Amino acid sequence: QAACDARRAASATVGRFAPTLRDPAADPLARMATAASLLRPLTTAARMLDDRRQRRMAFRQMWEESLGWIRAAKGQSDHVAAIESAVIAAFEVAVEDHGASSRACLERCEELKAHMGLLHRARGDDWVVRSHRAALARLTADAWTRMGVAEEARRMLDEARRHLDKAVA
């Protein structure tokens, strides 16, 4: 019950302050503070929920708010933080989809590739990008394994290893 109440409170609060995230005229530091104060608590509350549907709904809300933030922050100092927020939220939604359907998880992973491209363009080929790419490859490999396609799963695990090796180097 406490997790549900925390998620409801976080969602209601995000709703009131979300226009700041989507406002290109807002100060980038204000958008980053708003995201840190609102989106992270929403994610934390969602992770505590036992109800998968509510968890997915909270992560979906975080993802949508992050997409609005990306559009508002384009070309500004908080653009990278917005992209990272969207990638994290998209991963959470993909994991929730994974629990319901391997095919839905693979579809979400395909959508996530576009966000990874944005993150790569914004950050370059750094450790954060490589570790996110490795996590995406592992998630995709698991979905392929659950679908019984071992060859594709192996290919994705090899890709994850390459990304981690480059991240460590």
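In this text the structure is predicted, and so the values were computed from the model without any measurement.

Thresholds, definitions, all that
- Residues numbered from 1 in each chain as written.
- Predicted model: local features only at pLDDT ≥ 70, side-chain atom pairs only at ≥ 80, totals over all residues.
- Heavy atoms only, no water.
- Helix = DSSP H or I, 4+ residues; strand = E, 2+ residues; numbered from the N terminus.
- Expected span 1.5 Å × (residues − 1).
- Buried < 20%, exposed > 50% of the residue type's maximum accessible area, 1.4 Å probe, protein only.
- Arc of directions from axis to C-beta.
- Contact = heavy atoms within 4.5 Å.
- Core = buried A, V, L, I, M, F, W, Y, C linked by side-chain atoms within 4.5 Å.
- Axes fitted to C-alpha atoms, helices over the stretch in contact; angles between N-to-C directions.
- Parallel < 35°, antiparallel > 145°, perpendicular 65-115°, else oblique.
- Left-handed = near helix turned anticlockwise from the far one by under 90°.
- Polar contact = N/O pair within 3.5 Å; in protein donor to acceptor, adjacent residues only side chain to side chain.
- Nonpolar A, V, L, I, M, F, W, Y, C, P; charged D, E, K, R; others polar.

What about helix H7 (residues 150-168)?
Between its first and last C-alpha, H7 extends 27 Å over 19 residues, near the 27 Å set by a 1.5 Å rise per residue. Buried within H7 we find Ala153, Met156, Ala160, His163 and Ala167. Angular distribution of buried residues about the axis of H7 spans 85°; they occupy a single face of the element. The outward face of H7, more than 90 degrees from its buried face, is lined by the exposed residues Ala150, Glu151, Lys166 and Val168. Taken together, the buried residues of H7 touch helix H6 (127-146).

A short note on the nonpolar core
With 31 residues, the main nonpolar core has Leu39, Trp69, Val87, Phe91, Leu136 and Leu139 as its most contacted residues. Breaking this core down by element, the ones donating at least two residues are helix H2 (28-48), helix H3 (52-73), helix H4 (79-100), helix H5 (102-123) and H6. Considering every element that reaches this core, the biggest residue donor is H4, with nine residues. Ala134, Ala137, Ala141 and Ala160 belong to the second-largest nonpolar core, a separate cluster that totals five residues.

Let's talk about the packing of H2 against H3
Two elements in contact, H2 and H3, have axes separated by 9 Å at closest approach and are oriented at 165°. With respect to H3, the element H2 is oriented roughly antiparallel. As for the relative orientation of H2 and H3, their crossing is left-handed in sense. Contacts from Arg31, Met32, Ala35, Leu39, Leu42, Thr43, Ala46 and Arg47 in H2 reach Arg55, Ala58, Phe59, Gln61, Met62, Glu65, Ser66, Trp69, Ala72 and Ala73 in H3.

Topic: the side chain of Arg130
With respect to the element layout, Arg130 can be found in helix H6. A polar contact is formed between the side chain of Arg130 and the side chain of Asp125, at a distance of 2.7 Å.

Notes on H6
Under the 1.5 Å per step criterion, the end-to-end length of H6 is 29 Å for 20 residues, consistent within 8% with the ideal 28 Å. Directly after H6, the chain includes Gly148, whose backbone phi takes a positive value near 85°.

Notes on the packing of H3 against H5
Look at H3 against H5: their axes get within 14 Å of each other, and the N-to-C directions meet at 25°. With respect to each other, H3 and H5 are oriented roughly parallel. Along this stretch, H3 crosses H5, giving a crossing that reads as left-handed. Facing H3, whose interface residues are Arg56, Arg60, Trp63 and Leu67, H5 presents Arg108, Glu111 and His115. When grouped by side-chain class, the residues that make up the contact of H3 with H5 number two nonpolar, one polar and four charged.

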